[in-house]
Amino acid sequence: MTVKKFLLIFMILPALPGCQVENKNIRTASDSITAEGLKTQISVIASDDFQGRFPATAGETKTINYLAGQFKNMGLEPANNGSYFQEVPLVKITPEGDMSLRVTGGKSNLDLKYADDFMGNTPQTSDTVKIDNSEIVFVGYGIIAPEYNWNDYAGLDVKGKTVLMLVNDPGYATGDTTLFTGKAMTYYGRWTYKYEEAARQGAAAVIIIHETDAAGYPWGVVRNSFSGPQFYLEENEFTGSVLKFKAWVTTEAARMIFGSAGMDYDQTIQTAAKRGFVPSDMHLKASVYFRNKAEHVKSNNVAAVWPGKDRKDEYIIYTAHWDHFGIRYVAEGDSIFNGAVDNATGVAAMLEIANAFTRLPKKQDRSILFLSVTCEEQGLLGSEYYAKHPLFPLNRTVGVINMDALNIFGRTKDMTITGLGYSQLDNYVEQVLKKYGRYARPDPEPEKGGYFRSDHFSFARAGVPSLNLSGGVENIEHGREWALAQKNAWTMQHYHKPSDNYDPDHWDFPGMIADIRIYFEVGYDLSVSTEFPDWNPGIPHKALRDKMMEAGR
Ligand SMILES: [Zn+2]
């Protein structure tokens, strides 16, 4: 043993008792997170009484009042000038009456069938939506990505036209790792990007071709998510654009459209995924008509603070969206979208974690903000609004931990960090997991674009290091294949459907509790640290973070 090593050990020794006390404190608080507590919360939040928790309905009022009441009972402070609510101003746009989409000019005229062949809506607030004989152009993936040297709109003027495109990106389609990020979906693969880009290009209509594998979910999810009202922030990316129609068609409908144009569908989409793809005028016209209703409404984020002791102006944020799809017409049986997994589990976990913080014998240094956001299912709007109108400065916001749809299939060796390797927040997760003999893994299905599909992404886009930590797949009892099969079966059968019900007989609670304790401890470790974990070099969000931290100095 060198002298240096000896000294090092000697210096560490006196710190041990303090560390043990801290471990005991964490343990005491962590033990307050129980299956009973979780069951009680989920059974309330996912109950029919909450009517599927749709924004700006009676279901919202019940939900947010319940959450505010829970926070108040635990002794948490209202985060917004004496209120537990942050109002989110929205436009609610509802297509009314029959929607028609007609494709003419080809071999045969096509009257596509709403819900079976296509879904659509408008970001515009006009009373009617009318598009007459707009030229249809197939633009491949509809992507302009300078960093990947890709431009599907090169040399094209699509003003007033209808752009038809594929979901996901060329890297996914080919599996070619030199195209985009290979199988892993980039933001360019998400439908949200495709609509935004088409609006920037001045298109009148966008039609995305749905494919179950490429989208990551079946047609039923598109049908459910795009029927009924759609929400936008008052100020949104389509404000001032001429985009009138955002639509999806099934693969079968796309084949009919290509057939009418005399084009080979399979061959064309293969070409679209290769370098050198040239967009093609299909010599077809699209006509769209429907009546439309726009209302200005308000929804709410729920925000409660458990203040810190020494550095109370620095914040750790836990996010979990409270909203789901409400009550909708469904052909048979259940019409309430209870969203039990998605996301009564995340909200219940948040309440359990808040309670655990209040059980700490000694207050943590930094403040904890519990932020249950609205309109996640409408395009991450509540979290986007918060990131644009933060209640506490973003450069004092240390990190965000998002919880969306917990693991109901039992204990796992691993937990998933969607976007593993993006930020130093990973280290905190890895350290805590290691304590329990567990480990962090990257998203097992990055092709589904999970990184862009929950509220942590709103914060990442704004530059704030954020973490989407979710259940693992290395099931301790049944192994990985079994767990993945369960997960996929659940997605096909219940994701965004009325059957996402609370099912205490079949859900595994010990697994969920183990994960929630990890969420708690990661937040706790961040709350007693003096560090501001950063994005890793090369991650696009880093530049924004550097800028805001510089400004805060
Ligand atoms: Zn969700």
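First things first, this report covers the structure right here in the doc. Please read all numbers here as calculations on a predicted model, not as lab measurements.

1. Describing the nonpolar core
Then comes step 1: Membership of the largest hydrophobic core comes to 97 residues, with the highest contact counts inside it found for Phe71, Trp248, Tyr318, Phe357 and Phe370.
Then comes step 2: Here this core takes twelve residues from helix H11 (residues 340–358), the largest share from any one element.
Then comes step 3: Listed in part, the 48 residues of the second largest apolar core include Leu110, Phe290, Tyr451 and Ile539.

2. Things to note about helix H10 (residues 265–272)
Then comes step 1: Taken residue by residue, H10 has Tyr265, Thr268, Ile269 and Ala272 as its buried positions. When H10 is viewed along its axis, its buried side chains cluster within an angular range of 95° and face the same direction. Along H10, exposed side chains directed more than 90 degrees from the buried face belong to Gln267 and Gln270.
Then comes step 2: Packing partners of the buried residues in H10 comprise strand E5 (128–138), strand E7 (150–151), strand E8 (162–166), strand E9 (205–209) and helix H9 (251–260).
Then comes step 3: Its side-chain oxygen at 3.1 Å from the backbone nitrogen of Asp266, Asp264 defines the N-terminal cap of H10.

3. Notes on unusual backbone geometry
Note: most peptide bonds trans; most residues except glycine with negative phi.
Then comes step 1: Residues Asp342 and Asn343 are joined by a peptide bond in cis, for which omega reads 10°.
Then comes step 2: Of note, Asn343 is situated in helix H11.
Then comes step 3: One non-glycine residue, Ala56, lies in positive phi territory at about 60°.
Then comes step 4: Position of Ala56 among the secondary structure elements: in the loop between helix H3 (35–45) and helix H4 (58–73).
Then comes step 5: Backbone geometry at Asn81 places phi at a positive 45°, although glycine is not the residue there.

What counts and how
Residues numbered from 1 in each chain as written. Predicted model: local features only at pLDDT ≥ 70, side-chain atom pairs only at ≥ 80, totals over all residues. Heavy atoms only, no water. Core = buried A, V, L, I, M, F, W, Y, C linked by side-chain atoms within 4.5 Å. Buried < 20%, exposed > 50% of the residue type's maximum accessible area, 1.4 Å probe, protein only. Helix = DSSP H or I, 4+ residues; strand = E, 2+ residues; numbered from the N terminus. Arc of directions from axis to C-beta. Contact = heavy atoms within 4.5 Å. Polar contact = N/O pair within 3.5 Å; in protein donor to acceptor, adjacent residues only side chain to side chain.

Nothing here speaks to function; it is geometry throughout.
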